[in-house]
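# Geometric and topological summary
Here are the chains, one letter per residue:
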Amino acid sequence: MLSELDALTDLAAPERPFDPQQHALFVSGQRCYLAQHPHHRFTSPIDNHETLVNTLETELAKCPSEDAVVFGVLPFCKSEQAQFLVSDHVQTLDKSHFTAYLASQNKLDGVRFPELDNVHHRQSQTQYEHAILRAKALFEREELEKIVLGKQVDLYFDDALPKGQVLANLLQQSASGFPFSFPTESGATLLGVSPELLLKKSNRAIFSNPLAGSAKRTSDPAVDVQRQRTLMNSKKDRFEHAVVLVEMSQVLEPWCHQLHIPSVPSLLSTATMWHLSTEVEGQLHTPATHVLALANRLHPTPALCGKPTQHAYPWIKALEGESRHFFSGIVGWCDKHGNGEWVVVIRSSEINGRHARLFAGAGIVHASNPTAEWLETEAKLSTMLNALHATTAYRQVTQESLLETA
Ligand SMILES: C=C(O[C@H]1C=CC=C(C(=O)O)[C@@H]1O)C(=O)O
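Here's what I pulled together on the structure shown here. Throughout this description, residue numbers start from 1 for each chain and increase along the sequence as written. Given that the model is predicted, a residue must reach a pLDDT of at least 70 before its local features are reported, and side-chain atom pairs must reach 80 or more before they are shown or counted; all residues, however, enter totals for whole chains, interfaces and linings. Hydrogen atoms and water are omitted, and side-chain values are computed over all heavy atoms in the structure.

Take the pairing of strand 19 (residues 330–335) next. Categorising residues by exposure relies on relative accessible area from a 1.4 Å probe, with only protein chains included: less than 20% of the type maximum marks a residue as buried, more than 50% marks it as exposed, and the intermediate range marks it as partly exposed. Going along the chain from the N terminus, every DSSP run of H or I of four or more residues is numbered as a helix, and every run of E of two or more is numbered as a strand. Here strand 19 lies mainly inside the structure; six of its six residues are buried. In this sheet, strand 19 lies alongside strand 4 (residues 69–74) in antiparallel orientation, the contact comprising six bridges. Paired with Val73 across the two strands is Val331, which belongs to strand 19. Relative to strand 20 (residues 340–344), strand 19 runs antiparallel, the two being bridged by five bridges. The residue bridging Ile330 from the neighbouring strand is Val344, located in strand 20. Strands are treated as partners if at least two bridges between them are detected by DSSP.

Spelled out as structure tokens, the structure:
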């Protein structure tokens, strides 16, 4: 189906106006996959791989069309439910056409962009850095090798956020990555541009592009080059990255008769960050293996959770103090042949009315510096802050609250 989707002729514009409350979007490369004909919705537990795949196949079978596709989002935590939306068929649009279409739709709607009123860090800088110190004590006791600690930030605007405009901004500002928009059951929309491909499966072929190890980009080209070099040579970041690959190769190897994992990472850039990146490729023993059977086994990798996974899980909840829900889960699509593409829910936000909740996390290892990790999470918020036209106001509000607490 993936190759069939790719072969479809692009439409110049969607069949109907794009509605982020109803329709789902997943962008891969220059292709926008658009679900505008939702057939039905369903939920599924994700703690059992067979149950998850059986549920998906049963629900897809209810849709008579051979081209039916499921879009969905899996939560970070295995004890929570995934949400799915089945669509009779998927439209494919060229990314630049869809971006131009969305921009003109918003212009016609005469959208005024709301202003940021208020910011609430659900974990303060002090709490976040304290959590890192507690994690480092766990490394000392050899209970953990790595843990990814995240924070959530609530932004309140003076009016309802125009989700279509936010999506258009995300598409415009991101030459790379995987923009997505998924309407959740609560009436919110999960929107973002993930830089990280967890798994793409097309018949026998699988691809993955894990990222771990980060540096903030800068507009000064010479300094930006220096930051790439520093990242590439950073023992701490190389270790953070290597832990992810060891774990992923253990999961993937039994399923593949060929698996290629380069021994040295490369660099991947987003509009705002540099990351250590590895392109993993494999050939499955069985082409019928369902993309989510494998993606759900990989998820969450130590790029979002830690090592060992089972130990890191409860510590994340304890140290962050709340559930991540869909943040650092996975979002994507699959078809009746078990093909599909799933990316990690990062550089994203959940938007509902005038409220946007953002998430950012950082991989913590023995050599981590708490303040540097906090600043890394601040830098990772930029993708969404820029799309929300809130970067300057956010900096002002957070500086003011720092002065107040000083
Ligand atoms: C958890 C996030 O990033 C992950 C992906 C890339 C690099 C990461 C890092 O260097 O810590 C994280 O593992 C996030 O963006 O919220």
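Turning our attention to helix 9 (residues 309–320). Helices are assigned an expected span. That span is 1.5 Å times one less than the residue count. If you check helix 9, its first and last C-alpha atoms are 16 Å apart, about what 12 residues at 1.5 Å a residue would give, namely 16 Å. Of all the positions in helix 9, only Thr309, Ala312, Tyr313, Ile316, Leu319 and Glu320 are classed as buried. Viewed end-on, helix 9 has its buried residues packed into an arc of 150 degrees, placing them on one side of the element. Note on contacts: a residue pair is in contact if any heavy atoms of the two residues lie within 4.5 Å. Contact partners of the buried residues in helix 9: helix 4 (125–140), strand 8 (146–157), helix 7 (235–252) and strand 18 (306–307). A positive phi of about 80 degrees marks Gly321, the residue just after helix 9. In this context, the arc is that of the directions from the helix axis out to the C-beta atoms.

Turning next to the sheet that holds strand 15 (residues 266–269). Read across the open sheet, the three strands follow the order 13-16-15; overall the sheet is antiparallel. Of all strands in the sheet, those with a lone pairing partner are strand 13 (211–216) and strand 15, marking the two edges. Averaged over all pairs of adjacent strands, the angle between their axes in this sheet comes to 30 degrees, without regard to strand direction. Looking at chain direction, strand 13 and strand 16 (residues 273–277) are connected through four bridges and run antiparallel. The residue bridging Ser214 from the neighbouring strand is His275, located in strand 16. Packing against the sheet, helix 6 (residues 221–233) makes contact with strand 13, strand 15 and strand 16, and its axis sits at approximately 30 degrees to strand 16. Interaxial angle, 0 to 180 degrees, is taken between N-to-C directions of lines fitted to C-alpha atoms, where a helix line uses only the stretch in contact. Docked against the sheet, helix 7 engages strand 13 and strand 16, running at close to 155 degrees with respect to strand 13.

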